[in-house]
Amino acid sequence: MKIVEQGIVCPGQSGGSQAVATFPSVAVLPNGHLLAAYRVGASKDSAGSVTELRLSTNHGRAWGDPWSPFSSTFAGVRGSLQVVYLTPLGSELLACALWVDREAYPNQPLFNAETEGCLPMKILVANSADQGRTFSPWREVAVTEDVGPPSLTNPILRLPSGRLAISIETNKPYYDRTLWRQRVVYCYSSDGGQSWTPPRTVCEDPTAAVFHWDQRAAVAPDGLLATFSWTYDKPDNRYLPIRRHLSRDEGLTWATDELDFADQPSHPAVLPDGRAVLAWVDRYGSQSIRARQAARLDQPFDPQTELTLYTAPVPPTQTGGTGEMLADMGLWSFGLPYAEALPAGEVIVVYYAGTTDCMDVRYALLAL
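The structure displayed is predicted, hence computed values, not measured ones.

Q: It is not clear to me how the overall build of the protein should be interpreted in this structure. Could you clarify?
A: What the protein contains, in helices and strands, is one helix and 27 strands. Over its C-alpha atoms the protein spans a radius of gyration of 19 Å, differing by no more than 12% from the 21 Å that the globule rule assigns to 368 residues. Along the three orthogonal principal directions, the C-alpha set of the protein runs to about 50 × 45 × 40 Å. Sorting the 368 residues of the protein into buried and exposed places 57% on the buried side.

Q: Just checking my understanding: could you explain the pairing of strand S26 (residues 347-354) for this structure?
A: Across a regular strand the side chains alternate sides, sitting on one face of the sheet and then on the other. Among the eight residues that make up S26, eight are buried, leaving the element largely enclosed by the rest of the structure. The alternating pattern of S26 places Val347, Val349, Tyr351 and Ala353 and Ile348, Val350, Tyr352 and Gly354 on opposite faces, both of which are buried. Summarising the sheet, strand S25 (residues 334-341) and S26 pair through six bridges and their orientation is antiparallel. By the bridge assignment for S26, Ala339 is matched with Val349. Between S25 and the antiparallel strand that follows it, S26, lie five residues; Gly345 among them carries a positive phi value of about 95 degrees. Here eight bridges tie S26 to strand S27 (residues 359-367), and the two strands are oriented antiparallel to one another. Each residue of the ladder has a partner; that of Tyr352, found in S27, is Val361. Where S26 hands over to S27, the hairpin turn is made up of four residues, counted between the paired strands.

Q: I keep staring at empty space enclosed by the protein and nothing clicks. Help me out?
A: Remark: the empty space left among the atoms is shown by a probe the size of a water molecule rolled over them. Summed over the entire model, instances satisfying the criterion amount to one cavity of 30 Å³ or more. Residue lining of the largest cavity: Leu29, Pro30, Pro88, Ser91, Glu92, Leu93, Ser128 and Gln131, and that is the complete set. Of the residues contributing to the lining of the largest cavity, the split by class is four nonpolar, three polar and one charged.

Q: What's the story with the sheet that holds strand S6 (residues 77-89) in this structure? I'm lost.
A: Sheets are built from strands that pair by backbone hydrogen bonding, the pairs being arranged parallel or antiparallel. Across the sheet, which stays open at both edges, the five strands sit in the order S5-S6-S7-S8-S9 with antiparallel pairing between neighbours. Unpaired on one side and paired on the other, strand S5 (73-74) and strand S9 (139-141) mark the two borders of the sheet. In this structure, strand S8 (residues 121-128) lies alongside S9, joined through three bridges in antiparallel fashion. Bridge pairing in S9 places Leu124 opposite Glu140.

Q: Would you explain the packing of aromatic side chains in this entry?
A: The geometry of an aromatic ring pair is captured by the separation of the ring centres together with the interplanar angle, meaning the angle of the planes. Evaluation of the coordinates by the stated rule reveals 23 aromatic pairs. Their ring planes at 70 degrees and their centres at 4.9 Å tell us that Trp180 and Phe211 sit as a pair that is edge-to-face. A residue pair is termed long-range when its members are at least 10 positions apart, and Trp180 in the loop between strand S12 (164-169) and strand S13 (183-189) and Phe211 in strand S15 (residues 210-219) qualify at 31 residues. Comparing Trp180 with Phe211 shows no difference in burial state: the two are buried.

Q: I keep staring at the pattern of salt bridges and nothing clicks. Help me out?
A: Here the structure, examined in full by the defined rule, presents 21 salt bridges. Lys122 serves as the salt-bridge partner of Glu140, at 3.4 Å between the closest nitrogen and oxygen. In this pair, Glu140 is assigned in strand S9 and Lys122 in strand S8, connecting sequence segments 18 residues apart. Between Arg290 and Glu306 there is a salt bridge whose closest N-O contact spans 2.7 Å. Here Arg290 is found in strand S23 (residues 288-294), whereas its partner Glu306 is found in strand S24 (residues 302-311), with 16 residues between them in sequence. Within the structure, one salt-bridge network assembled from shared partners comprises Asp260, Arg290, Arg292 and Glu306.

Q: Would you explain the nonpolar core in this entry?
A: One broad rule of soluble globular proteins: the nonpolar side chains tend to lie buried together. Membership of the largest hydrophobic core comes to 53 residues, with the highest contact counts inside it found for Val9, Trp63, Ile123, Ile156, Ile166, Trp196 and Ile348. Setting aside residues no more than four positions away along its own chain, Trp63 makes contact with Ile8, Val9, Val26, Leu34, Ala36, Arg54, Leu55, Ser56, Ile348 and Tyr363. Within the second largest apolar cluster, 20 residues are counted, among which are Val281, Ala291, Val349 and Tyr351.

Here is what the cut-offs are and how they apply
Residues numbered from 1 in each chain as written. Predicted model: local features only at pLDDT ≥ 70, side-chain atom pairs only at ≥ 80, totals over all residues. Heavy atoms only, no water. Helix = DSSP H or I, 4+ residues; strand = E, 2+ residues; numbered from the N terminus. Rg over C-alpha atoms; globule rule 2.2 N^0.38 Å. Buried < 20%, exposed > 50% of the residue type's maximum accessible area, 1.4 Å probe, protein only. Pairing = 2+ DSSP bridges. 1 Å grid on protein atoms, 1.4 Å probe; cavity = no way out; pocket = protein on both sides within 12 Å on 5 of 7 lines; lining within 4 Å. Points joined across faces, edges and corners; volume = space filled by probe spheres on them. Nonpolar A, V, L, I, M, F, W, Y, C, P; charged D, E, K, R; others polar. Phe/Tyr/Trp six-rings, centres within 6.5 Å; stacked < 30°, edge-to-face > 60°. Salt bridge = Lys/Arg side-chain N within 4 Å of Asp/Glu carboxyl O. Core = buried A, V, L, I, M, F, W, Y, C linked by side-chain atoms within 4.5 Å. Contact = heavy atoms within 4.5 Å.

The analysis is restricted to geometry; functional conclusions fall outside its scope.
Given below as structure tokens:
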């Protein structure tokens, strides 16, 4: 595996409302063009941030001008879109978003460092019939009260049965001081995303000691569902090796193992022949974004294929506890890689990088 090209999808513009671009993802449209989505604002937690889309007609080597088709107001409440993921469904495009209520606790940060709670959030979906130029109004994916403010960390999954699945992580309300029992739940749809089942737990530690954050998931050509967790030991305040969870029954049962590297995994890219590429953030080791290749999603990611996509010029510092760490996410100046397989057999990885005051969305094209 080698890097064939690197560049910028969206440049940050210091000192204004377009200074910090983060939360990138990319989808392959039916005609082979690429559509990138990302969030841009004055800071990483800016209530005034917007989600932009950009199109590439040459497999990611150049990107057109941005447009912003999404409203950040839902049910008459002013909010912000933390992340938007895109899933092609035949001739349509299904957007799934994490929406943050900015009116419930005005001028408060996303995470409460004292309680480990977060602002009220919702999962929203919308459809596009014109490849992302316009979208239908948002509609909510309802979750039960025990989920708390729901987090979204992956695009909607297309399962072998034809059903869709949304992967959602649980959180605590903003001023809730009870024990945080983090888990991952799935909601399923059998009608193309118009309605969704109640949440079903697919991943949790019953002791509430180990958190499975930022689960990134993909479905292999043979139907294997694989997810990768940013695994955190809360009592010891340390990251564990990335955990891989494998299911052959669309999330009813799982087998779990550990990879031989730690920190935040990317959305995995899966090629038609089953080969897979996983990128990850090595934030407290080499301070870099790296990637490896595997023969299949359930096989080892070969260290001999490892590439360094980005190295931070200034090493970040780890904070004291879980609440402080979550509240300090705005200080992290690189991360959130997202890998996707391209029609020509290459893989693109998009991520954000820069300084705490100015961050770009960047890309790397990989040849396998």
